[in-house]
Amino acid sequence: MPGPRVTILSRNPRCYSTRRLRECCVKQGLVPQVLDTLQFSVVDAVPPLILSKGEPFEIPAGIIPRVGVSINYSGWAVVRQFETLGVPSLN
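Anyway, here's the lowdown on the structure attached to this text. (Residues numbered from 1 in each chain as written. Predicted model: local features only at pLDDT ≥ 70, side-chain atom pairs only at ≥ 80, totals over all residues. Heavy atoms only, no water.)

## Observations concerning the overall build of the chain
1) Next: Of the regular secondary structure elements, the chain holds 2 helices and 6 strands.
2) Next: Listing each helix as α and each strand as β along the chain from the N terminus yields β-α-β-β-β-β-β-α.
3) Next: Relative to its length of 91 residues, the chain is compact, with a C-alpha radius of gyration of 13 Å against a globular reference of 12 Å.
4) Next: For the C-alpha atoms alone, the extent of the chain along its principal axes is close to 35 × 35 × 20 Å.
5) Next: Counting over 91 residues, the chain shows a buried share of 34%.
6) Next: Considering only intrachain contacts with a sequence separation of at least 6, the fraction spanning at least 24 residues in the chain is 68%. (Helix = DSSP H or I, 4+ residues; strand = E, 2+ residues; numbered from the N terminus. Rg over C-alpha atoms; globule rule 2.2 N^0.38 Å. Buried < 20%, exposed > 50% of the residue type's maximum accessible area, 1.4 Å probe, protein only. Contact = heavy atoms within 4.5 Å.)

## Brief notes about helix α2 (residues 72-84)
1) Next: Look at α2: 18 Å from first C-alpha to last across 13 residues, which is about the 18 Å you get at 1.5 Å a residue.
2) Next: Restricting attention to buried positions, one finds in α2 the residues Gly75, Val78, Val79, Gln81 and Phe82. For α2, the angular spread of buried residues about the axis comes to 155°, placing them on one side. α2 presents Tyr73 and Thr84 as exposed residues on the side facing more than 90 degrees away from its buried surface.
3) Next: Once α2 finishes, glycine 86 follows within two positions and takes phi at roughly 85°, a positive value. (Expected span 1.5 Å × (residues − 1). Arc of directions from axis to C-beta.)

And the structure:
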């Protein structure tokens, strides 16, 4: 049976640090998925909502943000929205 799903927010899934995070998640029995931070839309609703490519996104057990300077504002807005939904964030 697969373990909890963890989303790694990264602009480049081939980046060394992102690949290493993915490998470490697998070794810990987690199911990692690497998604581009900019593919998410934050919807101000009650309850808060996150869309991925325009579709509702299944909330993961945790997120690992890899937000760079180039997307600082929008990247952290996505992280804050996940945290509002009670999703733990490793940082």
